[in-house]
Every structure is written in structure tokens, then in C-alpha cells.
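A look at the structure
Here's the letter readout for the chains.
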Amino acid sequence: MKTIYKISLTSIFLLFAFTTSYAQNIEGIVNTNENIPLEAANVVIKGTTSSTTTDQNGKFSIDSKGKLPITLLVQYVGYKTTEIEITALPTAPLQLVIREENELIEVVVSSRRRIEKVQDVPIAVSVITGKQAEQTGAFNVNRIKELVPSVQLYSSNPRNTGINIRSLGSPFGLTNDGIDPGVGFYVDGVYYARPAATTLDFIDVEQIEVLRGPQGSLFGKNTTSGAFNITTRKPSFTSGADFEVSYGNYSFLQAKASVTGALGKKVAGRLSFSGTQRDGLIDNVATGRATNTLNNQGIRGQLLWTPTVNTNIVLAADITTQRPDGYAQVVAGVAPTQRAAYRQFDAIIADLNYQLPSRNAFDRKIDQDTPWRSNQDMGGISLNIDTKIGGGTLTSTTAWRFWNWDPSNDRDFTGLQVLAKSQNPTRQTQITQEVRYAGQLTSRISGVAGVFFIDQTSQTDGTEESGDAQWRFAQSSTSALWKTPGLFEGYGIKTDANIRASSAAVFGQIDWAITDRLHVLPGVRYNFDKKDAHYARTTYGGLQTTDPALLALKKQVYSDQAFDSSTDNTDFSGNITVSYKASDKINAYATYAKSYKPVGVNVAGLPTNSAGEPLLDLAVIKPEKVNHYEVGVKTSPFRNSIFNLTFFQTEIKDFQTNVQAAELGVNRGYLANADKVRVQGVELDASFVVSQHLTINGAATYTDGKYVKFTNAPLPLEETGAPVSFKDVSGSTLPGASRWAGSLGGELSDNAKFFGNAGKVFLAVDSYARSEFSSSPSASKYLVVPGYAIFNARLGFRASQGLSVHFWGRNLLNKDYYEQLLPAGGNTGQYAAVLGDQRTYGVTLKYSL
């Protein structure tokens, strides 16, 4: 907690020291069409983050920052956004009138590299504003999935994190650095290559756009399943500050601070901080303390330079650290396998005189003897240049980023010394460059075109080491030699794995307005990808012997393995969309996309044949070939309403999937291709402003995801030990795919004052539910996560300026649920769970200047 307080106070001091304002103020009055002054209307300088609000008399004053012409946007819930262009400083206050309108359709996005209303964009996209995320406690992607049910995030620790949209994107299970994610993750235009970024806290977010379906003609890095387009709050020439602190049970403490202001006539800055700490939610009876704590800190600084009216340059740097005691998993059950009776988990632990601390995962008790450590550092620096040229904007985004991962795991999930060590520290760096032009090309044609390059390296220096109980778990015969004292104790492998991956692309999309209502949008992409990988593991330790029989037993547990692979691939893909705006309230579109996910390489060990040799044909994984179809309609059936419907079907040839091997030496599983998968379904998004006091919003998705053909799938857990090594699972359900998922929420509010601040008192309730899903690449009846529903609520007062306060509760009904199930290393029968959080509650205080 001291860390959070120190960084918060330092951030406040530094930023207030640089908040000199060079003001050229524009003043005005905002009235309704009934000539009533409108209090708390939002006034924004278009294209910037400079904003202010009107007072009780409808008056406002905003700094033009010395730049003219500018366009003011006047926004208020339930009213149409009004734009007014200012070409010279007015000599008298502006008189502005805004009219009632459906404010929901006025949400704007930048997904197509220009500012436009979300209801006009022929893409399935969900928008979460920074304020919405803060109000609902969605401070990372794992919380965002509760608001956008098409999103799935699975994380057994930050490294082993997969983010999917419509059940596609990353292989379900353990992460392999040799493949690219199918969901792009962008922050201020910078691509984050490592999925671990999605486990960290958001820092000063302005808006989160979740695009569904392939977006290869709009974004630099190819995205076959969708993209997160996150924008942070930019520096402002008008001084401002926000401070927020939250307290909750389990000693939850979260602090946020952001201060901005002018550093000169053409330079502004913003410094933002976020920190989260919490005690553990799972009791370790072996150590006597709770584990699975939270301990995150992040800081982000930005400098904005406006050398000319038409050019903005933003230099940004950030660093985030995570130091939890945890990501421990709890044994959820034991599956009988097809191995001999003496090789069943219960027989093994009986021979070792061991009992699990609990057979009920929701007792939240573990006795694991290997410390769980999930330390990661992530950060970087970026330079973003926007300059207006002709009818559009030329943008250059240059970035360098790093990710350092320092873990320790207990992959046997027990208090026995089966695996004394399981840790694979990784160092990753990346350089990215994107240049694109977006704008109006002719009176009827607009579009975006760009080039993108990324070069990244990843180095893993891993260790896996056996303990004194390994012999019994690895025992594959009744030979007495397995009991040889010290045979496996301290026996392990040192791993050297590295990969260098480079990718370059040219992409573009045009929007041809055949008529004012009918648009055709073709897009193209040319991609080049190259990957070079090296993998080598060397055995060490254990009993030093020359006995061939004992050496053969040791080799059954771990063996030396080394291989190199190098591959490259090119691809030409594209899409075409036709949109038709039948009326101001109905916008329909249809899309076909041919997409591509780059070639993959295995850098975590390979399974072996009967002679103990690695199966080198699995060293390189074929690229995915994607055919995607989508039809959608965006409507506003009546005033203050949105009702959007999307039908989609995605077929993937050579689907890249993850296999958790029965061999201990195959660290974190290996990659393979499934012949063909298909995902199809329908999505619904709806929002209604019932009255000035009541709003309701909801989203639902139906997903049917199947392996169309997968004849060489891994065996499910209960079939481990069968005489065959693979299984035909064609027709079975994809892992991680719930047939149904949805969210529903509402808010009741009214005008009020609190300590002299004008604002709203509110009560909000939201819920998230999903049906059961498979948690195994090959469906196992033991690794099915049951469906669940959780309910959250908030009660309090919020104001645009001054003090806001609200009380919150999450998982109010204290629902016990799994987020993921996974087998132990070696598939000995026991399987563990990533548990959903139990009921939490607290209070949040926020003060805005």
C-alpha cells in the first residue's frame, strides 16, 4: 500500500508543477431548444481531449490553445451532439442550442482511422468508455469480458493468457510463443504482441473499442478474429486532474491519479498512475498465509507538441509491474485414466501417504510446496505523429516495447515434491513501425492505406526439476528400480528457447459512396512473415549412474532434445463490405473476408516417437486460412434506443491448436494443426434510454463452434494410457466456446447535489452469464466448466467536477464458479481450476478538478 501512496503523491506533485495555462478562452452559453440553460453539458474541442462542462446557467469557457480554426462539440445525454466551427476568437459569448436526440447513436469511434458515429460503421463493434469502465470496475480485459460477452479471456497466469473473440483468436490452454494471437491489442495505435498485456491494469483510458471479425485491411498487424483498439486520455493545454481511490474487503486498495496541463504555448503534458493491491483469496495451509494476491503498479507519461495547427506529435512512455503472490490453481477433481491401477492418482498418493487438503475446490485450500510467482514487467516508448495533408491525415507510429516474465509454478498442484521447480523466465522485445494515410480522396471515395513492420525477439531460459515424489508419478512399470533412492531427486532440464519473428505488411481499404445511402468497401492486405526458432534442453542432476537400466528410467521422465526451425510465408488477403443506409434509423451491411494467421513454430519442446526422437514434422505449424461471412443491421427503432443484430460464420483451415502432452518434457504443451473448424452464431446489442432517469443495456451472443475435421487430436484426460496416441474429434465442440453468453444491466439516476457539487445520484445493476464450455482441446467430460451467472451493483453519486463517491459489490450472490480447468503435468489424473473471485465489495472516492 505504501508503494501506491508514494507514487500517487509523487505524480501529483510533479504534474501540478507543470500546469501553467496559456489561455485563449472561448466562452459561450448552451441552451435547449426550449431556451432552458443546460447544466453539465460537455463541450469538447474536436480532435483533442480538451473539454469542459457548463455551469448551472449553461455557461462555459474553454481554452482554444491558440489554434484556429477549431470545431467545438457540445454533448449531453439525450441530446444530439452539436458541432460549431470557430475560425476566429469571438468577441461575445457564443449562443448554442442543442436539440433532444438519441444520445446512444452519437458515440464516436476511430476504428476506421477517422472519427465517425459507431452506428454508421459497417463493423460489429462494441464501445466501452473510460468512464463506463471505471464505474463498473472494469480495470482490465478480464473485467471487460463481462460487458462484451463475445470476448473470452482465459488466464492460468499472465504468460498463459489467451484472448478470444467469438471463441477464436488464441489456442485454448498454455501459451506458445511460436504463434501470433488472432486478436490484435492496440493502445494508442501501438500493437502489443504479448497476450500477457491483457492481464495488466488499464491506465487512464479514454475509450475501448472491441471490433469483431477480421480487420486486416484497417490495422497494421493482421487480426483474424478482431481487435481491441484502446485510446488513452491525451495531454491537454487546460489544467485538469483526477484522483481516485477504492477500498474493499480482502484489503483491496486501488489508487489512480492523472494530471494534465500546459508546459508551454505549444507543449502539454499528462502523467497518469494506477496501482492495485489485494490480499489473497486462497488459503495455503502449508505456509499459513493466503495466496493469489494482487500487486500491480503502472505509470504513463505523455508529451504533446503542436508545432503547427495541422500537426500533433505525442511522445509517450509507460512501465507497469506486477508482483503478486499467486495465480495458484486449486485441485478440482481426479479423473480415472486408462493407465494401470497402480498409475491412478489416488493409488499414487496412497502409496506416498498423502492426502489433498480438500477435494472441494471451493474450499479454496491448497498445500502446494513450490512458491507461485508471477512477476512481470512491461513497458515501452512510442512516438506518434499526426499531420493533416489534403483531405486526410498522415500518421506515423513508432514504438519499442519490452516484456520480462519471471515465474515459478507448482504444476503438480499438490504438496508433494513431484515437480520441485517449474519456471520459464522469458525476455521479449519488439520494435514496430506503422505509417498510414486516412481521409477523403475524392467527393465519393474515402479510405485508409498503410504499411506496417514488426520485429520481435523472445528468449526463454527455463528450468524444470523433479522432487522426491517424482518416481511414483512417473512409474510406468512394476520394476523395483523405480524406487532407487535419489534416482529422480534434483533431476531436471535446462531449456534454451528463442525465437525471432518479423512481419511486414501493406494494407488498405476504401469506402466508395455509390450513393449517399449505398457504400461499397473493398480492402486488401499483403503480408510477409518470417520466423527463426531454436530449442534445446539439457538434462542434469539426479542419481549419477552408468547403469543402463536406471538411465533408461531417467530418460522416460526427461531427455535431451534440440532442434532448429526457420520458415517464412507470404499471403494476399482481403475483404469486401456492402453497406446500405435504408433510413436514418437503419444501417445494414454484409461482409466477406479472406484472412490469414501467420505460420507458427514450436518453441516449447516436441513429443517423441517410440524411439525417443522428437517428431520434427511438428516443428513448423501451417498458417491458418480464414473465410469469414457476416451480415449485420444497426437500428434505432425508436427514440433513445439502439438494437443491433449480427449474423456471422467463420471457417478456418489448418486451425492452430494447443496440445497438452502426457510427456513431462513437453513444456507448456505443443502446437498442432486441426484440419478445419467452423464457428457461427448471432450477436445482439441493445441499449435504451427509457427516461431521463432510467437506462437499460444488454448484449447476447449465440456461438456454435466445432471441429469440422480433426483426426489427429490429443487424447482427452480420461483416455490417457489408451493404446492409441491420437483421437478423431471431428464434430466435437471447440474448447472455450459457450453456446450462450450475455450481459444485462441498467441504471436509475436523478439530479442531485453532494457537498455543493451538481451531479447525479444513481443505482446501477449489471450481470454476466455464460453456458458451459469445454476446457480441453479434446473434449473431456471431466474438463467441462459449468455455466454460471454473476451479479454486480453500484450505488452512489457522480459529478463531472468535484467529489464523486459510490459503493460497489461484485459477485453479490457469492457464486462459486470456474474460469478454467486444466490437467496436471504428465496427465496423471488430477486436474486443477482457475477459480472465479468470491463476493467482493468496497467504496470508491473520486475527485476531479
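Reading the values: rules and limits
- Residues numbered from 1 in each chain as written.
- Predicted model: local features only at pLDDT ≥ 70, side-chain atom pairs only at ≥ 80, totals over all residues.
- Heavy atoms only, no water.
- Helix = DSSP H or I, 4+ residues; strand = E, 2+ residues; numbered from the N terminus.
- Rg over C-alpha atoms; globule rule 2.2 N^0.38 Å.
- Buried < 20%, exposed > 50% of the residue type's maximum accessible area, 1.4 Å probe, protein only.
- Areas by Shrake-Rupley, 256 points an atom, 1.4 Å probe, with all protein chains shown as cover.
- Polar contact = N/O pair within 3.5 Å; in protein donor to acceptor, adjacent residues only side chain to side chain.
- Salt bridge = Lys/Arg side-chain N within 4 Å of Asp/Glu carboxyl O.
- Pairing = 2+ DSSP bridges.
- Core = buried A, V, L, I, M, F, W, Y, C linked by side-chain atoms within 4.5 Å.
- Contact = heavy atoms within 4.5 Å.
- Patch = residues over 30% accessible without salt bridge, like charges linked within 9 Å, V, L, I, M, F, W, Y side chains within 5 Å.
- pLDDT = per-residue confidence, 0-100.
- Phe/Tyr/Trp six-rings, centres within 6.5 Å; stacked < 30°, edge-to-face > 60°.
- Lys NZ or Arg CZ within 6 Å of the ring centre and 35° of its normal.
- Arc of directions from axis to C-beta.

**Details of the overall build of the protein**
What the protein contains, in helices and strands, is six helices and 51 strands. Taken over the C-alpha trace, the protein has a radius of gyration of 28 Å; the compact-globule value for 849 residues is 29 Å, and the two agree within 12%. With the principal axes as the frame, the protein shows a C-alpha extent of 95 × 55 × 45 Å. Within the protein, buried positions represent 59% of all 849 residues. Entry remark: accessible area of the protein is about 32,600 Å², with carbon and sulfur atoms responsible for 57%.

**As for the side chain of Ser641**
Locating Ser641 in the fold gives a position in strand S38 (residues 641-659). Here Phe638 takes part through its backbone oxygen, which lies 2.4 Å from a polar atom of the side chain of Ser641.

**Digging into unusual backbone geometry**
Phi angles above zero are rare outside glycine, and Asn353 is one such case at about 55°. One can find Asn353 in the loop between helix H4 (345-351) and strand S25 (365-366). On the basis of relative accessible area, Asn353 is assigned to the exposed category, the value being 75%. You will see that Asp654, though not glycine, has its phi angle at about 60°, which is positive. Relative to the helices and strands, Asp654 is located in strand S38.

**Concerning the pattern of salt bridges**
Per the counting criterion, the structure on display carries 40 salt bridges. Of the charged contacts, one joins Asp766 and Arg794 as a salt bridge, the two residues approaching to 2.6 Å between their closest N and O atoms. With Asp766 in strand S44 (residues 757-770) and Arg794 in strand S47 (residues 788-798), this pair connects stretches of sequence that are 28 residues apart. Each member of the pair, Asp766 as well as Arg794, is classed as buried. Taken together, the shared-partner salt bridges connect Glu134, Asp204, Glu206, Arg233, Arg270 and Lys846 into one network.

**Description of the sheet that holds strand S21 (residues 289-291)**
Read across the sheet, three strands follow the order S21-S20-S25 without closing on themselves; strand pairing throughout is mixed. The open sheet has two edge strands with one neighbour each: S21 and S25. Sheet analysis places strand S20 (residues 282-284) next to S25, joined by two bridges and oriented parallel. Its bridge partner lying in S25, Asn284 is registered against Ile366.

**Quick look at the nonpolar core**
Among the nonpolar cores identified, the biggest contains 34 residues, and Tyr818 and Leu821 are the most heavily contacted of them. Those elements that provide at least two residues to this core are strand S24 (330-334), H4, strand S49 (818-823) and strand S50 (830-835). When residues in this core are grouped by element, the largest group, five residues, is from S50. Contact partners of Leu821, with chain neighbours within four places excluded, come to Ala332, Ser775, Tyr782, Leu783, Val784, Val785, Tyr831, Ala832 and Ala833. Formed by 28 residues, the second largest nonpolar core is a distinct cluster that contains Ala133, Val187, Val205 and Met378.

**Some words on a nonpolar patch on the surface**
Together, Leu263, Leu303, Leu315, Ile381, Leu383, Trp400 and Ile431 line one region of the surface with nonpolar side chains, adding up to about 570 Å² of accessible area. Note that Ile381 resides in strand S26 (residues 373-389).

**What about the pairing of strand S19 (residues 267-278)?**
With respect to burial, S19 is a largely interior element, 11 of its 12 residues being buried. Sheet topology places strand S18 (residues 252-262) next to S19; 10 bridges connect them, and they run antiparallel. Across the sheet, the residue bridging to Leu253 is Gln277, located in S19. Inspection of the sheet shows S19 paired to strand S22 (residues 294-308) by 12 bridges, in the antiparallel sense. Its bridge partner being in S22, Gln277 is matched across the sheet by Asn295.

**Looking at the confidence of the model for the protein**
Of the residues in the protein, 93% have a pLDDT of 70 or more, and the chain-wide mean is 88. The secondary structure element of the protein with the lowest average pLDDT is helix H1 (residues 2-16), at 50, and the one with the highest is strand S46 (residues 784-785), at 96. Low confidence marks residues 12-23, where pLDDT is under 50. Its contacts with residues over four positions away, or in another chain, come to 30 contacts.

**Some words on the packing of aromatic side chains**
Counted according to the given criterion, the structure contains 21 aromatic pairs. Judged by centre distance (5.8 Å) and plane angle (20°), the ring pair of Phe638 and Phe688 falls under stacked. Of this pair, Phe638 sits in the loop between strand S37 (624-635) and S38 while Phe688 sits in strand S39 (residues 670-689), and the two are 50 residues apart along the sequence. Relative to Tyr788, the ring of Tyr768 lies with its centre 6.4 Å away and its plane at 65°, an arrangement referred to as edge-to-face. Pair noted here: Tyr768 is in strand S44 and Tyr788 is in strand S47, with a separation of 20 residues, a long-range link. Tyr788 matches Tyr768 in its accessibility class, with the two residues each being buried. Through a chain of ring-to-ring contacts, three or more aromatic side chains come together here, namely Phe185, Tyr192 and Phe228. Here Lys494 stacks its cationic end above the ring of Tyr540, 5.3 Å away from the centre of that ring. The ring of Phe762 carries Arg798 above its face, with NZ or CZ at 4.6 Å from the centroid.

**What to know about the environment of Phe755**
Following the sequence through the fold, Phe755 ends up in the loop between strand S43 (740-754) and S44. Taking the C-alpha atoms as reference points, Phe755 and Ser804, 49 residues apart in sequence, are found 9.8 Å from one another.

**Considering the environment of Asn295**
As for its position among the elements, Asn295 is in strand S22. A sequence separation of 29 residues divides Asn295 from Pro324, and the C-alpha atoms of the two residues are 5.0 Å apart. When near neighbours in sequence (up to four residues on either side) are disregarded, Asn295 contacts Thr276, Gln277, Thr321, Gln322, Arg323 and Pro324. For Asn295, the side chain forms a polar contact with the side chain of Gln297, separated by 2.8 Å.

**Digging into helix H6 (residues 548-557)**
The set of residues buried in H6 consists of Leu550, Leu553, Lys554 and Val557. Along the axis of H6, the buried residues cluster in a sector spanning 100°; they form a single face. Against strand S30 (445-466) and helix H5 (470-474) lie the buried residues of H6. For H6, the side-chain oxygen to backbone nitrogen distance between the N-cap and Ala549 is 2.9 Å, and the N-cap itself is Asp547.

**Quick word on the environment of Ser565**
Turning to its location among the elements, Ser565 is positioned in strand S33 (residues 561-583). Of the residues examined, Ser565 reaches a relative accessible area of 9% and is grouped as buried. C-alpha of Ser565 to C-alpha of Pro69: the two residues are 496 residues apart in sequence and 56 Å apart in space. Discounting residues that sit within four places of it in the chain, Ser565 has contacts with Lys531, Asp532, Ala533, Val601, Ala619 and Val620.

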